[in-house]
Amino acid sequence: MNMASPNISTDRPVIRPLDEAAINRIAAGEVVERPASAVKELVENALDAGATRIAVVFADGGKTLIRVTDDGCGMTGADLPLAIARHATSKIDGTDLLNIHSFGFRGEALASLGSVGRLTLTSRAQGHEAAQISVAGGRIGDVRPAALTRGTVVELRDLFYATPARLKFLRSDRAEAQAIAEVIRRLAMAEPHVGFTLTETSDGDQRVIFRADPESGDFFDALQGRLTRILGADFTGNALRIDIRRDGLHLTGYAALPTYSRGSGAQQFVFVNGRPVLDKLLLGALRVAYFDFLSRDRHPAAVLNLSCDPERVDVNVHPAKAEVRFREPDAARSLIITGLRSALSGAGHRASTTVANETLSAMRPEPRVYQMDRPSQASFARAFAFQAPAPDGFAEAPTARFDAPHTTSDAAPASDHPLGAARAQVHENYIIAQTSTGIVIVDQHAAHERLVYEGLKRQMAETGITAQALLIPEIVELSPTDATRILDAAPTLAEIGLTVEPFGGSAVAVRETPAILGAVNAAALIRDVLDELADTGHSTNLRAKIDAVLSRMACHGSIRSGRQMRPEEMNALLREMEATPHSGQCNHGRPTYVELKLHDIERLFGRR
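To start, this report covers the structure provided alongside it. Being a predicted model, the structure only gives us computed values, none of them experimental.

1. Some points on the overall build of the chain
On a plain count of helices and strands, the chain comes out with 18 helices and 24 strands. Residue burial in the chain is summarised as follows: out of 608 residues, 46% are buried. Taking the intrachain contacts of the chain between residues at least 6 apart in sequence as the baseline, contacts between residues at least 24 apart amount to 69%.

2. What to know about the side chain of Glu-454
Looking at the element boundaries, Glu-454 is found in helix H12 (residues 444-462). Those residues in contact with Glu-454 that sit more than four places away from it in its chain are Thr-580, Pro-581 and His-582.

3. As for the packing of aromatic side chains
Scanning the entire structure with this criterion turns up three aromatic pairs. Seen from their ring centres, Phe-235 and Tyr-260 are 6.1 Å apart, and the 65° between their planes marks the pair as edge-to-face. With Phe-235 in helix H7 (residues 233-237) and Tyr-260 in the loop between strand E11 (249-256) and strand E12 (268-272), this residue pair connects regions lying 25 residues apart in the sequence. When sorted by exposure, Phe-235 lands in the same class as Tyr-260, which is buried. Over the ring of Phe-220 we find Arg-241; its NZ or CZ atom is 3.9 Å from the centre of that ring. Stacked on the ring of Tyr-260, the Lys or Arg Arg-262 has its end atom at 4.1 Å from the ring centre.

4. Observations concerning helix H9 (residues 329-346)
Under the 1.5 Å per step criterion, the end-to-end length of H9 is 26 Å for 18 residues, consistent within 8% with the ideal 26 Å. Listed in full, the buried residues belonging to H9 are Ala-332, Leu-335, Ile-336, Ile-337, Gly-339, Leu-340 and Leu-344. Turning to H9, the residues buried within the fold contact strand E10 (239-246), E11, helix H8 (280-289), strand E14 (302-307) and strand E16 (325-326). Phi for Gly-348, located one or two positions after H9, is positive at around 60°.

5. Some points on the environment of Asp-314
Inspection of the secondary structure assignment puts Asp-314 in strand E15 (residues 313-314). As for Asp-314 and Arg-325, which are separated by eleven residues in sequence, their C-alpha atoms are 5.1 Å apart.

6. Some words on the environment of Asp-531
Tracing the backbone shows Asp-531 in helix H15 (residues 522-536). Along the backbone, Asp-531 and Val-549 are 18 residues apart, and their C-alpha atoms lie at a distance of 9.2 Å.

7. Focus: the sheet that holds E10
In space, the five strands of this open sheet follow the order E10-E11-E14-E12-E13, with mixed pairing throughout. Strand pairing shows two members of the sheet lacking a second neighbour, E10 and strand E13 (275-277), which therefore form its edges. Here the average twist between neighbouring strands, direction ignored, is 20°. Two strands pair when backbone bridges link them, and E10 and E11 are joined in this way by eight bridges, in the antiparallel orientation. The residue of E11 that forms the bridge with Leu-240 is Ala-255.

8. Examining the pairing of strand E19 (residues 430-434)
What you see with E19 is a clean split: Ile-431 and Ala-433 sit on the buried side and Tyr-430, Ile-432 and Gln-434 on the side with no burial. The pairing of strand E18 (residues 421-426) with E19 spans five bridges and is classified as antiparallel. Residue pairing in the sheet places Ala-422 in a bridge with Ala-433 of E19. Connecting E18 to the antiparallel partner E19 that follows it, the hairpin turn spans three residues, and His-427 within it adopts a positive phi of roughly 55°. Where E19 lies against strand E20 (residues 438-443), five bridges are found, and the strand directions are antiparallel. Note that in E20 the partner of Ile-432 across the bridge is Ile-441. Turn length for the E19-E20 hairpin, with the two strands adjacent in sequence and antiparallel, is three residues.

Basis of the calculations
- Residues numbered from 1 in each chain as written.
- Predicted model: local features only at pLDDT ≥ 70, side-chain atom pairs only at ≥ 80, totals over all residues.
- Heavy atoms only, no water.
- Helix = DSSP H or I, 4+ residues; strand = E, 2+ residues; numbered from the N terminus.
- Buried < 20%, exposed > 50% of the residue type's maximum accessible area, 1.4 Å probe, protein only.
- Contact = heavy atoms within 4.5 Å.
- Phe/Tyr/Trp six-rings, centres within 6.5 Å; stacked < 30°, edge-to-face > 60°.
- Lys NZ or Arg CZ within 6 Å of the ring centre and 35° of its normal.
- Expected span 1.5 Å × (residues − 1).
- Pairing = 2+ DSSP bridges.
- Axes fitted to C-alpha atoms, helices over the stretch in contact; angles between N-to-C directions.

Note that all results are geometric; they support no functional claim without further evidence.
Below, the structure written as structure tokens:
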């Protein structure tokens, strides 16, 4: 090659130290990525100072103004020059970087902000006069007297004015404002006993974006109140309290029911010793804990804090402290998975109340009907004809079965059972049950599929799944790729009662199927298992693969849609649902039943 390489020079490069301004701007690039990063650092400083109320004001997405006011312990005039010096901090003494009990510990934030913006720091400690110091582009001014009752006010103007190239990489004012609001929301969840106010100012007008007053009570009461304020009453009304200790680790918080799943991970908040983190290990463990209950396109909602001895976790592995590293990562992961699964099991057949609310919303009529939308006379005639009683009574209607209450034990009074007593089957797929406070509508196929799945898992854990031998092995023709995949998984499938053997070419012979499934179509079962194996791939651990295959197999052993059920069968299904954990949602996270309260039904008909 004759072309000169840009990395090869005849001149020897000279190593030289950088000046203090360049060092601070490089550090600012690591610590302060955007205005939200500056807000995070300043609010964390306020929390470390023991503040009980923190007010944040910003303008133009934080690009021109960020002001953080707190009522913390404050600083003296002699402390201010040290506060803006690099690597000067009151939070650690430098002897042990693994025993950190505060949000901040590096002593870089104020120095970095002062090197890229115009920073003014005003503070007053108890028993001292207030003082102020300013830094602009790394140039430090003198300490001067100021007026302040207590605490600290940090004002940052013209962020990145000293490094204008950084401004080109910022997003719109609206996007930056949303990022600031998200930072405040996360810190407000971490500190429910602290009050937060976030205000946006523009052309002299101020708009409060977020406000959370200090919560009272113990930690769980305070956290529940704060989460209701931030995530809404629907979340806290459908979340399970988590409080689990094991091996020196303590997991606390709230985790939502599977039927309250979201379309994204936006409602997943994880904290370590009260510090908000975006840690892949912990978020992955949260996902695994809900693996049995949600389809791949649904995400759990949870707010969890993992507390441990600071020496067991390293918070100094990420420039923005967004990730941590555990000394025993498997212990932390295991606690989240087993703790959440235990809590979800304890919820029994409970389903999210949002399911009923969405059902009622769909049933409520529009508040206004314009003339152009009014039904025609022909529409009225058809409606009246449909609602007229059938000649032989409602019992003979073609779309539903009605069974009068029986005096047998299967038809016990509705108040005796949470899911009530079956009263009818509609469209050969939905069971209508009466409870003491309303009605329950059950999807018979989804509910029984969950029951079969839980039964398979229980058998697997206790004695292994019992297999039933086919009188005549069923031969299934597959593609060469599918045949290889199913035969590679044959030892695992044999553990769950499905015995598959090669039968020449790309065909396989199915010799045994799980007895709990009853009579099944072996070819359809094999193809469903292949689909699940292809979906889970090779990255999923063996336990997860087995559970995924069992979930798919459960569909073949469940009551099919379109099957008519006798009253005793319907009541038996309801009783089994009440006794089986996780029966409130199917294997894909959808609800298996909807409960409508009597007062809600009466409201639909204008009785309330």
